[in-house]
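# Examining the three-dimensional arrangement
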Amino acid sequence: MSSIQDIQNEIIEEFEILGEDKESTIYYIMELGGQLPKFPEEERVDENIIKGCQSKVWLATRENGDKIQYLADSNTDITKGLISLLIRVLSGRTPQEILKADLDFIDKIGMGNIIGSQRSNGLSAMIKQMKLYALAYQAKQNV
Amino acid sequence: MSLNIEEIRAMFPVLHQEVNGKPLIYFDNAATTQKPQSVLDSLTGYYEKDNSNIHRGAHTLADRATRYYEETREGVKNFINANESAEVIFTKGTTESINLVASSYGRKFITKGDEIIISTLEHHSNIVPWQMLCEEKEATLKIIPINDRGEILLEEFENLLSDKTKFVSIVHVSNALGTINPVKKIIKKAHQVGAMVLLDGAQSTNHLDIDVQDLDCDFLAFSAHKLYGPTGLGILYGKRSLLEIMPPYQGGGEMIKEVTFAKTTYNEIPFKFEAGTPNIADVIAFQKALDFISFIGKSNIKKHEDELLDHANEAFGQIKGFVPVGTAAEKVSVVSFNINGMHPFDVGVMLDANGIAVRTGHHCTQPLMQRLGLEGTVRASFSVYNTKSEIDQMALSLAKIAKIKNK
Ligand SMILES: Cc1ncc(COP(=O)(O)O)c(C=O)c1O
């Protein structure tokens, strides 16, 4: 399986191909959102809502051996697209890998410029929550 | 007179730029309008030539700054046809103006068991100060309901009125939907039971002729930045008889007559309510914004904006999936809408990619959105410098966006 860095590089390349045109970039992000696996309805509860996001974001996890599987959803297609990128990079990894990950693709693809600063905060909240899950899982593994 | 919009646009430097590779189309005027060159020049001119603290200096600059500052007060008085300029108080904005009344008038005159009436259409800044007051005083907040078009139900309002009603605070024009409320009737009915009325004029003062004596409102709150003026400056109009019996809102310099450690006597109105060094530069520059409005003429502005509204309703109405929100018979140039199957956020971001600035979300009117069963809307709001061709451009972009979910 390719490393977190490999996948980030893949994403950076994909966005480079899209070029400077903001509109096509956004269409692409929305398309990615459409491909996000269906979110389990029983997980659509308030405890799974991420605070700090302007749009609604739900995040849940599944344990898969020593790896964490992330599931997420949003009520807006663009946010869904952004989530799908994070999931592509972080899902199916060990907590150690997730905690160590330096998510530089976000800056490199110019996300702040694409989604605006308010949503960037939301994205940070999302990443923080994903890492918190990893931390909790790691702590559990160690006992 | 038919306006020469190109000439007007030339007065607004900010309009002439590209956003995301497209010419900027600025349709977020209900949030704040752009500022003409004359306002910008006045701001820099003040700091370059006149800067000094007002009302107490014995030198030429202080005298000049004071004169300009007080000239704006006179200008605002004329703009709203107040009886005298002492009834015009400068604040930070509509929000502070409302808080001033709730804190000062409210704390003194509202008591346990009293009722205060607002409407479903209110901006949070005309809800929260009253909630805080009601909580403190054990008074009750009553809400006038609306119909599905976004219009206040007058009969319901009358049913809420009683001798317990002490205050009615109501938005003149809804920021989220553009509805113009029948405030003159509301004021009259409220006065019949002895209640005072505050008008939130944040969205009306830039579109409608305002005559506080004819309306007979007791207070009027509005913001300069929605009137081609600077940010961080607002106005509170209040009838002299009320301002005089209200306690000061904040303590400090400017608002006193004499201070000893034993007792302080307060200054006359309006200074009683303007503690500290005020926002001198912005007040002075605001006069240029008022000059701009009177140069164009309110009725000309209104006529142009009404034409834009009609044009937008027609152009957007043909788009598959376009759902207008707020279809009151009396409206200002605001089009609130949703696109079927799409979140307003996504629509806003995609319009922005096309250089079009609109507002998305709940517009600080969450209770209204709850009433309408919506999470939010997309809002395009037009001003005097907007054109039909900009609306056509937005209709093209919107049609393309709507198609994603409305094939
Ligand atoms: C109807 C209404 N009331 C109050 C406000 C608050 O104005 P400000 O933020 O300038 O204090 C606004 C501004 O959006 C408004 O539209």
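Residues numbered from 1 in each chain as written. Chains lettered and ligands numbered in written order. Predicted model: local features only at pLDDT ≥ 70, side-chain atom pairs only at ≥ 80, totals over all residues. Heavy atoms only, no water.

## Quick word on the domain arrangement of chain B
All names here are of chain B. Taken domain by domain, chain B holds domain 1 (5-30 + 297-403) and domain 2 (40-294). The distance between the C-alpha centroids of domain 1 and domain 2 comes to 28 Å. Facing the 36 residues of domain 1 at the interface are 32 residues of domain 2. At the boundary of domain 1 with domain 2, total buried surface from both sides reaches about 2,800 Å², with 59% on carbon and sulfur atoms. Remark: the boundary between domain 1 and domain 2 carries one salt bridge. With a shortest N-O distance of 2.9 Å, Arg 371 and Asp 148 are connected by a salt bridge. Where domain 1 meets domain 2, there are 20 residue pairs in polar contact (both at pLDDT 80 or more). Among the elements of the structure, α11 (298-317), β14 (334-339) and α13 (366-372) are those that each provide at least two residues to the side of domain 1 that touches domain 2. (Domains from an automatic or database assignment. Contact = heavy atoms within 4.5 Å. Buried area = accessible area lost by both parts, 1.4 Å probe. Salt bridge = Lys/Arg side-chain N within 4 Å of Asp/Glu carboxyl O. Polar contact = N/O pair within 3.5 Å; in protein donor to acceptor, adjacent residues only side chain to side chain. Helix = DSSP H or I, 4+ residues; strand = E, 2+ residues; numbered from the N terminus.)

## Considerations on the packing of helix α2 (residues 37-50) of chain B against helix α3 (residues 60-80) of chain B
The geometry of a pair of packed helices is captured by two quantities: the angle between their axes and the separation between those axes. Residues and elements named next belong to chain B. In contact at an axis separation of 10 Å, α2 and α3 are set at 155° when each is read in the N-to-C sense. As the angle between them shows, α2 and α3 are arranged roughly antiparallel. From α2, Tyr 46, Lys 49 and Asp 50 reach across to α3, where they touch Leu 61, Arg 64, Ala 65 and Tyr 68. Across the contact of α2 with α3, the residue classes break down as four nonpolar, no polar and three charged. (Axes fitted to C-alpha atoms, helices over the stretch in contact; angles between N-to-C directions. Parallel < 35°, antiparallel > 145°, perpendicular 65-115°, else oblique. Nonpolar A, V, L, I, M, F, W, Y, C, P; charged D, E, K, R; others polar.)

## Considering the environment of B:Gln192
Residues and elements named next belong to chain B. Secondary-structure assignment places Gln 192 in helix α7 (residues 183-192). Residue class for Gln 192 comes out exposed when judged on its relative accessible area of 58%. For the pair Gln 192 and His 55, spaced 137 residues apart in sequence, the C-alpha separation works out to 40 Å. (Buried < 20%, exposed > 50% of the residue type's maximum accessible area, 1.4 Å probe, protein only.)

## Here we look at the site of the ligand
All names here are of chain B. If you check the shell around the ligand, you find 13 residues, and the closest are Thr 95, Asp 200, Gln 203, Ser 223 and Lys 226. Here Gln 203 contributes a side-chain N or O atom positioned 2.7 Å from an oxygen atom of the ligand. A distance of 2.7 Å separates an oxygen atom of the ligand from a polar atom in the side chain of Lys 226. Isolated, the ligand exposes 390 Å² of accessible area, and the fraction of that covered by the protein chains is 84%. (Near = heavy atom within 4 Å. Areas by Shrake-Rupley, 256 points an atom, 1.4 Å probe, with all protein chains shown as cover.)

## Some remarks on the interface of chain A and chain B
The interface is formed by 13 residues belonging to chain A together with 16 residues belonging to chain B. Of all residues in chain A, the largest losses of buried area upon contact with chain B belong to A:Lys22, A:Glu23 and A:Tyr27, amounting jointly to 37% of the total for that side. At the junction of chain A with chain B, the criterion picks out three salt bridges. Taking the shortest distance from any N to any O, the salt bridge between A:Lys22 and B:Asp352 comes out at 2.8 Å. Of all elements in the fold, only α2 (22-34), α3 (77-90) and α6 (111-142) of chain A reach the threshold of two or more residues within the side of chain A that touches chain B. Broken down by element, the residue count for the side of chain A that touches chain B peaks at five residues, all from α2(A).

## Quick word on the side chain of B:Glu390
Position of B:Glu390 among the secondary structure elements: in helix α14 (residues 388-403). In this structure B:Glu390 comes out as buried when scored by relative accessible area, which is 7%.

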